[in-house]
Amino acid sequence: DIENPIKIGVLAPLSDIFAGYGEEIITGIQTSIGDNKAIEIVAEDTKCEPAPTVSAIRKLIDIDGVQFIIGPACGSPQEAVAPIIKDSEVVALLPSVATRSLYDMSGGKIFNTQYSLEDESKFIAEKMTELGHEKVILISYNNAFSATHVKSFKENFTGEIVADVVIQDATTDISTEIAKLRGLEANAIFSTDVSFFFGQGMAKLDQFGIDLPVFSQYAIELPSARPLVEGVIYSFPANLGEMGAVSELSKISADILVDAITKCGGDYNCVKSNLSSSDLFDEFGVRKQGII
């Protein structure tokens, strides 16, 4: 109905260091929506932080009357909004990697169009083993996103973790921790969190003479991280188009959601049922997406 379009809320970082990430999300969604006047996009800025994300989703639900959401795109905000989504008539599609547990935390209302964090860490662990990296330094941050990666990596890596470094937060000067790694008998590094690269991790490894291959995960594809990650080996979604992964995954999210909304005439229960029964998603609400 062009006169009464269905609203889709978008929770994305539109300011600060992750703004480029948000812009690519919006580009992908707009590419999907095109000139479809029956759909109205209502975007809110999350800054990739929990508190602004909670405020944003409350506005979308309580003021804008939104029932269909794309996002949020960052780990801790996803966990922050899961209980809100569970208690509301809302479904959300995530255009980025997330933990499997979000599906249960949200009462089966958060669906992920990428792969799970657990699948990603398993893939990285297996690839590092396959490439002969048997002694690994593990660098993570004190947050839920990193913790999920660490747990899955440890469960699947068959070699030895010679150092398990946990950095407090993105404001921590990582020089002291990196200095401790000098002289360790290791042949690769796995850094779980993009904050390591924002903290000039690659430059500081070089500064302290640590010349090891560095592995990481898909989040380093963030536009603001790209100048800082030259040479890093990282996991990536398979079989995407030409726009770039962030925009492509956002487009896929919008394609799936708009298709369900169109089939159901905007009826919430029908859309939720359509997504829940779709063979696009596994039992954790995660789209069956390959990794390369």
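Structure shown above.
Quick caveat, the model's predicted, so the values are computed rather than measured.

Draft legend 1. Layout of helix 1 (residues 19-33). For helix 1, built from 15 residues, the straight-helix expectation of 21 Å at 1.5 Å per residue is met to within 8% by its first-to-last C-alpha distance of 21 Å. Of all the residues in helix 1, the buried ones are Ala19, Tyr21, Gly22, Glu24, Ile25, Ile26, Gly28, Ile29, Ser32 and Ile33. Elements that come into contact with the buried residues of helix 1 comprise strand 1 (6-12), strand 2 (39-45), strand 3 (68-70) and helix 10 (245-264). After helix 1 finishes, the residue Gly34 shows a positive phi value of roughly 60°.

Draft legend 2. Region of interest: the pairing of strand 6 (residues 135-141). Most of strand 6 is tucked away: six of the seven residues are buried. In the sheet, strand 6 pairs with strand 7 (residues 160-167) via seven bridges, with the strands oriented parallel. Paired with Lys135 across the two strands is Glu160, which belongs to strand 7. Considered for its hand, the β-α-β crossover made up of strand 6, helix 6 (residues 144-156) and strand 7 is right-handed. By the bridge criterion, four bridges tie strand 6 to strand 8 (residues 188-191) in an arrangement that is parallel. When the bridges of strand 8 are listed, Leu138 appears paired with Phe190.

Draft legend 3. Representation of the state of the cysteines in the model. Counted under the stated rule, the structure contains two disulfides. A sulfur-sulfur distance of 2.0 Å marks the disulfide that ties Cys264 to Cys270. Disulfide Cys264-Cys270: torsion about the S-S bond near -65°, hence left-handed.

Reading the values: rules and limits
- Residues numbered from 1 in each chain as written.
- Predicted model: local features only at pLDDT ≥ 70, side-chain atom pairs only at ≥ 80, totals over all residues.
- Heavy atoms only, no water.
- Helix = DSSP H or I, 4+ residues; strand = E, 2+ residues; numbered from the N terminus.
- Expected span 1.5 Å × (residues − 1).
- Buried < 20%, exposed > 50% of the residue type's maximum accessible area, 1.4 Å probe, protein only.
- Contact = heavy atoms within 4.5 Å.
- Pairing = 2+ DSSP bridges.
- Right-handed = clockwise from strand over helix to strand, strands pointing away.
- Disulfide = S-S within 2.5 Å.

From the geometry alone we can't say anything about function, so treat these as descriptive.
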